[in-house]
Amino acid sequence: MSGRAQLKADLGKDLKRVERVFPESKYNAQVEEFRDAEYPQLKDVTYLDHAATTLYSSSLIDTISTDLKNNLFGNPHSLCPSSQATMRRIEDTRVRVLQLFNADSEHFDVVFCANATAAIRIVSDALAAHAESVGKRFEYRVHEDAHTSLVGIRPMASDSLTLDSREMDAFVGSKASTGGFGLVAYPAQSNMSGRRYPLSWTQSLRMNRPGWYTLLDAAALVTTSPLDLSDRDAAPDFVTLSFYKMFGYPDLGGLLVRKESSSVLQGRHYFGGGTVSFVMNPRNHPSRHAPHATRKSGDPHDYLEDGTVPFHSIIALDHALLDHKRLYGSFKTISQHTQALGILLYEAIKSRKHPNGRHVAEIYTDQHPSLSQLQGATFALNFQRSDGSFIGYNDVLKLAAVRNIHLRTGGLCNPGGVMKWMELSEREMQENFAAGKRCGDEWDLMNGKPTGAVRISLGAMSTLDDVAAFISFVDEFYVEKQPSLNSGFSSPLPQQGAKVKRISIYPIKSCAPFNIPATQPWKVMAQGLEYDREFCLIHQGTGRVMDMKTYPKMALIRPSINLEEQTLSIHPKGLPVSAVLQIPLREHIPSHSHLITKKCNSKVCGDSIVVQAYSEKRISDWFSSALGVPCTLARYPSKPDGGGRFMKNHLGQKKGEIPIALRNESPILVTNQRSLEPINQVISTHGGKQADISVFRSNIVVDGPEPFDEDKWLQIGFRNSSLQILGPCRRCHMICIDQDTSERSPEPFATLSKMRTINGKVYFGQHGTFLSGDNEDTGLIQIGDELEIIYLVPDPETSDTDSGESYNTDSTNLTAESSFPKTTAANTETPSSCVIS
Ligand SMILES: *Cc1c(COP(=O)(O)O)cnc(C)c1O
């Protein structure tokens, strides 16, 4: 049995125990029966991001499509029969939504809106306007574990405080005199940690603080749990929902309003579209005494749904409610099912330890998932090495992608949760911000502390297999193994003289290489090989430089350079264009350049640059049809200073700034052909697909030296020139794109990350820069050139393999001798948002 199958069998046994010990939990085995048919999008995928959105079933989409095809739905604001039909369907859906929450339509209403954030905005706009109109201060108390959408209310309030659970207990539990006006908001379930918070806060607040309202953010809770509003005295005044998180489709949000509390929502400043009962457009500014319109009275949705409601989505929601009921019965069943899986997942992660006994992951919750009142089936965690240092969540994301595991990483839109669980003080957050930390960027560790977490979340259609897939991923990559005695790889070939085997340039950044013919010497300069990444493609909407990560088909665009004719020719392969595109390479763009190119502000790897974009239609049309994306070619003409872009965080011995123009990180990337041998050997023992050296997208492939000899290089000399080696190149899953077909596979990244990891970063190849030979600033290099290698003098302190700087050698022990000198880039925590292109 394979590791994962064995694991699944073991988890199956565990499940029996879990169900026995925690009778509230119950695995819904029926899901396994319909999952393939209802969720074909999950084939070969482990989806663990249900807290972001769960998935729609096939039959839901079929039913909606049949309904929309066969019925005429007019705009509900018209009065013709087709609009009446729409109106009726909307009214029915409203009732069915309320029924789902046991909310009596006499006492509750649902307002449809774009998403949960829009629902929060309706409440906060209305409460701020109300405070203004009655001349009161608008006080706001928000729980620390709130989503950013709740934090966003703070500037609208006259006064706002963040409370932890203990403070919340005290606040809602203490009596206050009348005359106050405020809002208490908290998540029913944390979108980050899955921690659940009590509904009783609502009731206490209502009893103790007249003039105060509660906003319960239930967007995360109701993905996998029922919510019961049958006791209207205990129910929150306002409840926010995201229906796509409950059903996967439609993209719609909702605000449940307790009608008794609804009058406070009537003071919103804006009203128009569907929410007016009479309106005129007077010449002068309307006043409070002579308003230009009267708004609708009646139910909250009558005066809160501006404009045409998203009626097709509401009709789709009606189907979603029915389809979901047919597949799962009730949210109670889903809750029991996800609870059983949640306990398994939680316990399995908790049981994983390194050989020295340290836990592999820190899970950010103080509650066991068997306590469904306190913990849902969403977990935030960070992986740790045996020495207690953290593994950056971005690295986890990259490796997970290799195993087709979909999860969420980062700050998770929950700043309070991150501060609490990562133990980041306000001051540290401010320092991180000042150092450049922004939401969604690559800075996953700062000063050794995580800036966010990995989140895994289960949903109604999760299965035992999904849990097994994640745990086997943890076992494979994060549980450190006892070093094996096996000395591993021995090369069949003796060490030979080093020679240049291949020279490649990438004339258009992120597109296919142009391999320089063997007969052709090629120019090397300070910023790299001539014409390497001289061109790029820019998106016509955003102006951003496009990369292979987002547009893998770019690998099928094949540029070649003809120095004699001074042309760049671009050949498509397997793309929907056939003609070869030719672009003159003349160094200087002619003076009537505005006809052909325009200056365009663009961004590459986060840096702002100005490129010359080709506005000629034949060129933009060619690339746009080739990739199916509105884009065009742009040029970043070579200048000796690399156009002002320089290498970042460069700690090599070379003095001064190193120009890189459009190249990602350094002027030249060098790989050793034979370093791939041990990696491919391991890949083939697991039956994986061997990798070609081209996936590393280097400029110079050296052949001859032993595997990983390059870790010790200081300089390589050729002809009268030499390259300075600057340090190892960090890798990500982009090396899994086959450069011939643009297809992805797990290798070689999966194996490389087991064999060539330092401090959680995976390395292959070396960065380099041209060092002038005879005081010249250019040189020539050609295939077959013999290379003279100058080695680093090992520093006894840093070559000590116990210093933590050596490669991870678990299970294979192949690279025990390789270790980085301290002066290389390996020691910097460089966030590399674009490791390859
Ligand atoms: C997802 C989520 C939100 C935001 O929902 P949107 O639909 O993106 O507006 C707010 N709060 C919680 C708890 C969530 O999980």
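Just so we're clear, the structure is a prediction, and the values are computed from it rather than from any experiment. (Residues numbered from 1 in each chain as written. Predicted model: local features only at pLDDT ≥ 70, side-chain atom pairs only at ≥ 80, totals over all residues. Heavy atoms only, no water.)

**Considering the site of the ligand**
Close to the ligand lie 13 residues; Thr117, Asp217, Ser242, Tyr244 and Lys245 are nearest. A distance of 2.5 Å separates a nitrogen atom of the ligand from a polar side-chain atom of Asp217. Calculation on the ligand without its partners gives an accessible area of 380 Å², and the protein chains cover 89% of this total. For the shell around the ligand, the secondary structure elements donating two or more residues are helix H5 (116-134) and helix H9 (243-247). (Near = heavy atom within 4 Å. Polar contact = N/O pair within 3.5 Å; in protein donor to acceptor, adjacent residues only side chain to side chain. Areas by Shrake-Rupley, 256 points an atom, 1.4 Å probe, with all protein chains shown as cover. Helix = DSSP H or I, 4+ residues; strand = E, 2+ residues; numbered from the N terminus.)

**Some thoughts on the sheet that holds strand E12 (residues 378-383)**
Strand order in the open sheet formed by four strands is E11-E12-E17-E14, with antiparallel pairing between adjacent strands. Where the open sheet ends on each side, the last strands, each with one partner, are strand E11 (361-363) and strand E14 (408-410). Sheet twist, expressed as the mean angle between neighbouring strand axes with direction ignored, is 30 degrees. In this sheet, strand E17 (residues 453-457) lies alongside E12 in antiparallel orientation, the contact comprising four bridges. Bridge pairing links Thr378 to Ser457 in E17. (Pairing = 2+ DSSP bridges. Axes fitted to C-alpha atoms, helices over the stretch in contact; angles between N-to-C directions.)

**A few points about the UniProt feature "active site" (unreviewed entry) in the protein**
UniProt feature "active site" (unreviewed entry): in the numbering of this structure it lies at Cys413. Note that Cys413 resides in the loop between E14 and helix H14 (415-421). Discounting residues that sit within four places of it in the chain, Cys413 has contacts with Ala146, His147, Thr148, Asn191 and Arg408. (UniProt positions renumbered as here; feature names shortened; annotations may be inferred. Contact = heavy atoms within 4.5 Å.)

**Observations concerning the sheet that holds strand E20 (residues 522-525)**
Read from one edge of the open sheet, three strands run E21-E20-E35, paired in antiparallel fashion. The two strands at the open ends of the sheet, each matched to only one other strand, are strand E21 (528-529) and strand E35 (778-781). Sheet topology places E20 next to E35; four bridges connect them, and they run antiparallel. In the sheet register, Met525 faces E35, and the bridge partner there is Thr778.

**Focus: the confidence of the model for the protein**
Summary statistics for the protein give a mean pLDDT of 87 and a share of 89% for residues scoring 70 or more. Contacts from residues 798-836, a stretch scored under 50 in pLDDT, to residues over four places away or in other chains number 111 contacts. (pLDDT = per-residue confidence, 0-100.)

**A closer look at helix H18 (residues 676-685)**
Looking at H18, one finds that the buried residues are Leu676, Pro678, Ile679, Asn680, Val682 and Ile683. Residues of H18 that are buried in the fold lie against strand E29 (668-672), helix H19 (749-755) and strand E34 (761-771). Two residues or fewer past H18, Gly687 is found with a positive phi of approximately 75 degrees. (Buried < 20%, exposed > 50% of the residue type's maximum accessible area, 1.4 Å probe, protein only.)

**A short note on the packing of helix H1 (residues 3-21) against helix H12 (residues 331-351)**
The geometry of a pair of packed helices is captured by two quantities: the angle between their axes and the separation between those axes. Between H1 and H12, whose axes approach to 10 Å, the crossing angle comes to 120 degrees. Put simply, H1 runs oblique to H12. With respect to the hand of their crossing, H1 and H12 are arranged in right-handed fashion. Taking contact as the criterion, the partners of Leu11, Asp14, Leu15, Arg17 and Val18 in H1 are, on H12, Ala340, Ile343, Leu344, Glu347 and Ala348. (Parallel < 35°, antiparallel > 145°, perpendicular 65-115°, else oblique. Left-handed = near helix turned anticlockwise from the far one by under 90°.)

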